[in-house]
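Each chain is listed here by its residues.
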Amino acid sequence: MSDISDTDNILSPDDDKYMIRCENLVKIYKTSDVEVVALQGLDLDVEKGELMAIVGNSGSGKSTLLNMLGGLDKPSAGSLTVDGKNLLKFTDKDYMEYKRSTVGFVWQNNARNLVPYLTAVQNVELPMLLKGQRRRRQRALELLDKVGLSHRKNSRLDQMSGGEQQRVAIAIALANNPRLLLADEPTGSVDTKTSNMILDIFKELNKSEGITVVIVTHDLKLANHIDRVVAIRDGRTSSEILRKRSYVEELNELGDVVRTETEDGDTHEELAVLDRSGRLQLPKDYMQSLGIKGGDKVRVELDEERNGIVLFRSG
């Protein structure tokens, strides 16, 4: 097996700060008749220990990105670094080791995580058994306790609710002690109460274990409870939604009657993102208001009074 920690895979000193670095990332799917560009120059940085969400419409490229971060698909071009390792230089053996030691994956479909005829604790033990890990039973019980399922350790899949199954799936994803946890629509098939419970588990794991957590979701209500949300459109990072106050600040103010929300109760602001080449994607409602569409020419002027730029329709 090649050494995926060798110096050839170390790109920059910033890798100590970032768990994920994508620069001009491209993914092209080819068939005999057509080419589909799923990602077309995506830029994204995720710091170590961060909990963040990725949102986007179907076909935006978010699932493609998640599959590449999880080592399930290979980039076509650009740069993709995870935990200091350059995935574009990976061999098949490197990818196998990466999936065993660096990343954990939680799927929306529980069938991809769970073996139905095994108990909860046996399901969590399974990836450790395949890896030859010792103290499997003790570790599996610890993980079930972390997701609040110690009392269901001997239950089979058909004896558990959808939310309980998803929590077992999270415990399984943690079995290889990953530094990066990826979740694909983890609350897509559960109710609001269970969704909030699952999000709380991710928050606690992020805080107590220091695991970097990336959640892909259509659920904007879920995203609103996360400090940083990256929106992807047309295969590129188009905007970031940032909480104006962190949860720590809000908790510190619970004893006060001080509220700094905007009039409509929103505690977030959305920022457009310039990529590293200076490209900017405008929200569709902005383009509709200006009466412009992709490919149109526009005039850009500096506004020194506002320290910004102004966009005008051409003609």
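Residues numbered from 1 in each chain as written. Predicted model: local features only at pLDDT ≥ 70, side-chain atom pairs only at ≥ 80, totals over all residues. Heavy atoms only, no water.

> Got a sec to walk through the confidence of the model for the chain? Specific residues and values, please.
Looking at the chain, the pLDDT average stands at 80 and 73% of residues meet or exceed 70. Note on residues 1-11: pLDDT under 50 across the span, and 22 contacts to partners over four residues away in sequence or across chains. Ignoring residues within four places in sequence, the model shows residues 253-265, a span with pLDDT below 50, making 7 contacts including any to other chains. (pLDDT = per-residue confidence, 0-100. Contact = heavy atoms within 4.5 Å.)

> Explain the pairing of strand S7 (residues 180-184) to me, and be specific about the residues and the numbers.
On a regular strand, one side chain projects to one face of the sheet and the next to the other, so that they alternate. Burial of S7 is extensive: 5 of the 5 residues sit out of reach of the surface. Side chains Leu 180, Leu 182 and Asp 184 project from S7 onto one buried face, and the interleaved Leu 181 and Ala 183 project onto a second face that is buried too. Of the pairings in the sheet, the one linking strand S6 (residues 103-106) to S7 comprises 4 bridges and is parallel in character. Within S7, the residue paired with Phe 105 across the bridge is Leu 182. Looking at chain direction, S7 and strand S8 (residues 212-216) are connected through 5 bridges and run parallel. Within S8, the residue paired with Asp 184 across the bridge is Val 216. The parallel pair S7 and S8 is bridged by helix H6 (residues 192-209), and the resulting crossover is right-handed. (Buried < 20%, exposed > 50% of the residue type's maximum accessible area, 1.4 Å probe, protein only. Helix = DSSP H or I, 4+ residues; strand = E, 2+ residues; numbered from the N terminus. Pairing = 2+ DSSP bridges. Right-handed = clockwise from strand over helix to strand, strands pointing away.)

> If you had to explain the pattern of salt bridges to someone new, which residues and values would you point to?
Evaluation of the coordinates by the stated rule reveals 15 salt bridges. The shortest N-O distance in the salt bridge between Glu 47 and Lys 17 comes to 3.7 Å. Of the two residues, Glu 47 sits in strand S2 (residues 35-47) while Lys 17 sits in the segment before strand S1 (18-30), which places them 30 residues apart along the sequence. For Glu 47, a relative accessible area of 36% gives the class partly exposed. Lys 17 gets classed as partly exposed once you look at its relative accessible area, which sits at 43%. The closest approach of N and O atoms between Arg 179 and Asp 83, which form a salt bridge, is 2.5 Å. With Arg 179 in the loop between helix H5 (162-173) and S7 and Asp 83 in the loop between strand S4 (77-82) and strand S5 (85-86), the pair connects residues that are 96 residues apart, well separated along the chain. (Salt bridge = Lys/Arg side-chain N within 4 Å of Asp/Glu carboxyl O.)

> So what about the environment of Ile 54? Which residues, and what values?
By the element assignment, Ile 54 lies in strand S3 (residues 51-55). Look at Ile 54 and you get buried, because its relative accessible area is 1%. Between the alpha carbons of Ile 54 and Arg 228 there is a distance of 8.8 Å; along the sequence they are 174 residues apart. For Ile 54, the contacting residues outside a window of four places in its chain are Leu 44, Lys 62, Leu 65, Val 214, Ile 215, Val 216, Thr 217, Val 230 and Ile 232.

> So, the side chain of Asp 45: which residues are in play, and what are the values?
Among the secondary structure elements, Asp 45 is positioned in strand S2. Of note is the side chain of Asp 45, whose polar atom sits 3.0 Å from the side chain of Arg 21. (Polar contact = N/O pair within 3.5 Å; in protein donor to acceptor, adjacent residues only side chain to side chain.)

> Run through the pairing of strand S9 (residues 228-233), naming residues and quoting values.
A large share of S9 lies buried, amounting to 6 of its 6 residues. Neither face of S9 is left uncovered, since the one carrying Arg 228, Val 230 and Ile 232 and the one carrying Val 229, Ala 231 and Arg 233 both have all their residues buried. When S3 meets S9, the two strands line up parallel, connected through 4 bridges. Residue Met 52 lies in a different strand from S9, and its bridge partner there is Arg 228.

> Explain the environment of Arg 21 to me, using residue names and the numbers behind them.
Among the structural elements, Arg 21 can be located in strand S1. Along the sequence, Arg 21 and Glu 47 sit 26 residues apart, while their C-alpha atoms lie 8.7 Å from each other.

> Describe in detail the nonpolar core, supporting the description with residues and values.
Counting residues in each nonpolar core, the largest one holds 40 residues, and the members touching the most others are Val 124, Leu 144, Val 168, Ile 170, Leu 181, Phe 202 and Ile 215. In this view, Val 168 contacts Leu 114, Ala 120, Asn 123, Val 124, Leu 144, Leu 149 and Met 160; residues no more than four positions away in its chain are not counted. Formed by 29 residues, the second largest nonpolar core is a distinct cluster that contains Leu 65, Leu 69, Tyr 95 and Phe 105. (Core = buried A, V, L, I, M, F, W, Y, C linked by side-chain atoms within 4.5 Å.)

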